[in-house]
Amino acid sequence: MTYTLLRHRWMKRLPVFSSSSMVSTQTDKDTIDLSKFPVDRIRNFCIIAHIDHGKSTLADRLLEMTGAIATTDKNKQVLDKLQVERERGITVKAQTATLIYSHQGQQYLLNLIDTPGHVDFSYEVSRSISACQGVLLIVDANQGIQAQTVANFYLAFEAQLAIIPVINKIDLKNADPERVETQIEKVFDIPREECIRISAKLGTNVDKVLQAVVDRIPAPMASTDDPFKALVFDSNFDHYRGVVANIAVFGGRVKKGDRIVSAYLGKTYEVNELGLLRPHEHPTQKLFAGQVGYIIAGMKDVKEAQIGDTLYLQEQPVEALPGFKPAKAMVFAGMYPMDQSEYQGLRSAIERLTLNDSSVTVQRDSSMALGAGWRLGFLGLLHMEVFNQRLEQEYNASVIVTAPTVPYKAVLSSPKLIKEHGSEEITIVNPAQFPDRSVVSEYLEPMVLGTILSPDTYTGKIMTLCLNRRGIQKNMVYIDDQRVMMKYLFPLNEIVVDFYDLLKSLSSGYASFDYENAGYQAADLIKMNILLNGQPVEELITIVHRGRAYSTGKAMCERLKDSIPRQMFEVAVQASIGSKVIARETIKAYRKNVLAKCYGGDITRKMKLLKKQAEGKKKMRRIGNVEVPKDAFINVLKRKDK
Ligand SMILES: Nc1nc2c(ncn2[C@@H]2O[C@H](COP(=O)(O)OP(=O)(O)OP(=O)(O)O)[C@@H](O)[C@H]2O)c(=O)[nH]1
């Protein structure tokens, strides 16, 4: 769905005239005179929390209470606007909204930045944080502190932001805010008196949250007397107007017609439009120091509005603000059209999606079996799945995604290769290009520091799972009398595909997990081939730790045996290292006769069954002479260990 369409959807709901008795409102029909808001009456904050703890619900309530949207059920999660987000109930892309709030006879501009909750999108959380002076740290009154709460807390703490702990869902029957306050004191060292107990769903105490934003979060340190300086913290592509960049103004003022420069590219642009996000665009004459809003200046590609870039006036150059750490792709996979005739369509769909998501890296790729396609890099597996789902839903594209892999490194020993690559160390994102041991002095694999929070009854099972995934325990503490927090160092490769699902299932959904990058470590890695009837399948090549080669090979063959349907002939599925076969499974010959149960002569029913079978075949891909279902490439890595 395009940005413009969604904007129109919002527009239809607006303007609105609701108000709560506690706060006064300003409707969107009014023109907002931003010069009336000196810096000391501006607060920039974001909401951070573990997934599902209620960020979006609280954001909606804040929007309603300050009159930015109407109080109706339709407004549920106004800030979650992608179809995928609505279906999965997760926030993928952060959104911004400016609220006008009256407190003790003064009007304040509150800039709220909604953030995603999933570990894959923690990059979005960091960029939101850098535009703020404070955060609302939401914790579910029933679930208590979870892994993502801890990770998000540290992001805010390290950025020295004011942190307001908010305990949500106090309306739940088994809510235990006392216990959550104890956890907050113990884990974050924040006095329990600072916690605000609310129900975002019912609106209970949400007014106290607004008051705390004004009272406890400092105003931005910015002056209108300084030269104009703004940080780009998000950007969207609009097909009609080009790039819409979200900015936080750190100094001075900017108005329509001004000529601005992007510090990163050094390019000059003329400001065509600017204004506030409420959460739809509300054009204004100017934007002043301390404010957050959007700007349209004829940029044609989101790469021209890099996240973390600084904008300044052409005649008043300033020093660039310290940028963000760029998002690094940590999961790579091949993407191919189901049918080569769909190549062009898929190409334009990928181009359009990446226009709005600069964290996806795209490289052309081709394979013997799957034809021309791409190798894409994502922040994590959920990011990849969401991208894939958006391709299918929004662009009706049918794609084959190959098994995901992590970026390995190799230190080369061959002078010839070093010269060819221009460096001793190379990064490998495609297992098919994994260099042979004979030309390498050392392989390195990416590591992560994982945080797991769980009720202590599952500790034993979790420790076994972590050990199976080559995890090394770094720490284990009780955060209250029943819950433990464990820290493990893992090879990223071991947790990227199915670790989270397994952790959830063995803890009946109670354990939570988050991770941060922890650099690279030397590892004894080898390349494993998978053969179908003696033919190596490039898309199924996997890099494994030597000590795990046998068990991984066996599991992959079993998995393939389960996912490849029987064919007219016998199929041998083998795993090999070099020329040595280390595992084998056989798929017996068989042709499914879908008409077997269809007695008598009902021709329409027979036709229906045959048509269904033909449709099923369309979802298959022929490799050599074997029909392989498209899911097989990704399912093959999911292990069964519990
Ligand atoms: N009972 C109760 N349920 C709530 C409350 N606040 C939110 N919820 C429910 O909790 C679920 C998750 O809420 P969201 O607002 O989507 O959570 P979120 O933190 O934005 O989730 P992500 O965007 O996926 O990170 C929804 O079903 C909400 O209706 C509350 O105060 N009480």
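Residues numbered from 1 in each chain as written. Predicted model: local features only at pLDDT ≥ 70, side-chain atom pairs only at ≥ 80, totals over all residues.

Let us look at the overall build of the protein. Looking only at helices and strands, the protein has 16 helices and 33 strands in total. Taking the contacts inside the protein whose residues are at least 6 apart along the sequence as the reference set, 71% of them involve residues at least 24 apart. (Helix = DSSP H or I, 4+ residues; strand = E, 2+ residues; numbered from the N terminus. Contact = placed C-beta atoms within 7 Å.)

What follows deals with the sheet that holds strand β7 (residues 229-238). A sheet is described by the order of its strands in space; here eight strands give the open sequence β11-β10-β16-β7-β8-β15-β12-β13, paired in antiparallel fashion. This sheet does not close on itself; its edge strands, each paired only once, are β11 (268-270) and β13 (281-283). Strand-to-strand, the axes of this sheet are offset by a mean angle of 40°, without reference to chain direction. Where β7 lies against strand β8 (residues 242-251), nine bridges are found, and the strand directions are antiparallel. Directly across from Phe237, in β8, lies its bridge partner Val243. (Pairing = 2+ DSSP bridges. Axes fitted to C-alpha atoms, helices over the stretch in contact; angles between N-to-C directions.)

The phi angle at Lys169 is positive, at roughly 70°, despite the residue not being glycine. In this fold, Lys169 is placed in the loop between β5 (162-168) and α6 (177-188). You can call Lys169 buried: it has 25 C-beta atoms within 10 Å. (Buried ≥ 20, exposed ≤ 12 C-beta atoms within 10 Å, placed from the backbone.)

Before going further, it helps to spend a moment on the sheet that holds strand β17 (residues 331-337). If you walk across this open sheet you meet the four strands as β18-β19-β17-β20, and the pairing is antiparallel. The outermost strands of the open sheet, each flanked by one partner alone, are β18 (361-367) and β20 (399-401). Each neighbouring strand pair of the sheet contributes to a mean axis angle of 30°, computed without reference to strand direction. Pairing geometry for β18 and strand β19 (residues 371-378), over seven bridges, is antiparallel. Each bridged residue has a counterpart across the sheet, and for Asp365 the counterpart in β19 is Gly373.

This next bit is on the pairing of strand β16 (residues 310-313). Sheet topology note: the β7/β16 ladder contains three bridges and is antiparallel. Paired with Lys229 across the two strands is Tyr312, which belongs to β16.

As paired strands, strand β23 (residues 440-455) and strand β25 (residues 483-491) are joined by nine bridges and run antiparallel to one another. The residue bridging Gly450 from the neighbouring strand is Tyr488, located in β25. One ladder, built from six bridges, connects strand β24 (residues 472-478) with β25; its direction is antiparallel. Looking at β25, one finds that Tyr478 is bridged to Val484.

As a further point, take the environment of Lys286. Looking at the secondary structure, you find Lys286 in strand β14 (residues 286-288). Classification of Lys286 by C-beta neighbours within 10 Å gives partly exposed; the count is 19. Taking the C-alpha atoms as reference points, Lys286 and Leu274, separated by 12 residues in sequence, lie 7.1 Å from one another. Not counting residues up to four positions away in its chain, the partners in contact with Lys286 are Leu34, Arg253, Val254 and Lys255.

By the secondary structure assignment, Thr542 is in strand β29 (residues 542-545). What makes Thr542 buried here is the crowd of 21 C-beta atoms within 10 Å. Counting along the chain gives 11 residues from Thr542 to Gly553, while the straight-line C-alpha distance between them is 9.2 Å. Setting aside anything within four residues of it in sequence, one finds Thr542 in contact with Ala403, Pro431, Met528, Thr552 and Met556.

So, on to helix α5 (residues 147-158). An ideal rise of 1.5 Å per residue puts 16 Å on 12 residues; α5 measures up with 17 Å between its terminal C-alpha atoms. Residues Ala147, Gln148, Thr149, Asn152, Phe153 and Ala156 constitute the buried set of α5. Two residues or fewer after α5 comes Gln160, characterised by a positive phi angle close to 60°. (Expected span 1.5 Å × (residues − 1).)

Formed by 162 residues in total, the largest nonpolar core has its most connected members in Val135 and Leu137. The element best represented in this core is β8, accounting for seven residues. (Core = buried A, V, L, I, M, F, W, Y, C linked by C-beta atoms within 7 Å.)

Our focus in this paragraph is helix α9 (residues 381-395). Counted at 1.5 Å a residue, the expected span for α9 with its 15 residues is 21 Å, and the 20 Å between its end C-alpha atoms agrees. Those residues of α9 that sit buried are Leu381, His383, Met384, Val386, Phe387, Arg390 and Leu391. Residue Asn396 follows α9 closely and has a positive phi angle near 55°.

What follows covers the confidence of the model for the protein. On average, residues of the protein carry a pLDDT of 81, and 82% of them reach 70 or more. Counting contacts from residues 1-29, a segment whose pLDDT is below 50, to residues more than four positions away or on other chains yields 57 contacts. Here residues 88-94 is a poorly scored stretch, pLDDT under 50, and it has 27 contacts once near neighbours within four places are set aside; other chains count. Here the predicted complex carries an ipTM of 0.97, next to a pTM of 0.73. (pLDDT = per-residue confidence, 0-100.)

What follows concerns the environment of Arg216. The topology assignment puts Arg216 in helix α7 (residues 206-216). Residues in contact with Arg216, not counting those within four places in the same chain, are Gly134, Ala162 and Ile164.

In helix packing, the relevant descriptors are the interaxial angle and the interaxial distance, both defined with respect to the helix axes. The geometry of helix α11 (residues 459-468) relative to helix α13 (residues 499-506) is characterised by a closest axis approach of 10 Å and an angle of 160° between their N-to-C directions. The orientation of α11 with respect to α13, classified from their angle, is roughly antiparallel. In this structure, α11 meets α13 at a crossing whose hand is right-handed. Residues Lys461, Ile462 and Leu465 of α11 touch α13, and the partners they reach there are Leu502, Leu503 and Leu506. Partitioned by chemical class, the residues of the contact of α11 with α13 number five nonpolar, no polar and one charged. (Parallel < 35°, antiparallel > 145°, perpendicular 65-115°, else oblique. Left-handed = near helix turned anticlockwise from the far one by under 90°. Nonpolar A, V, L, I, M, F, W, Y, C, P; charged D, E, K, R; others polar.)

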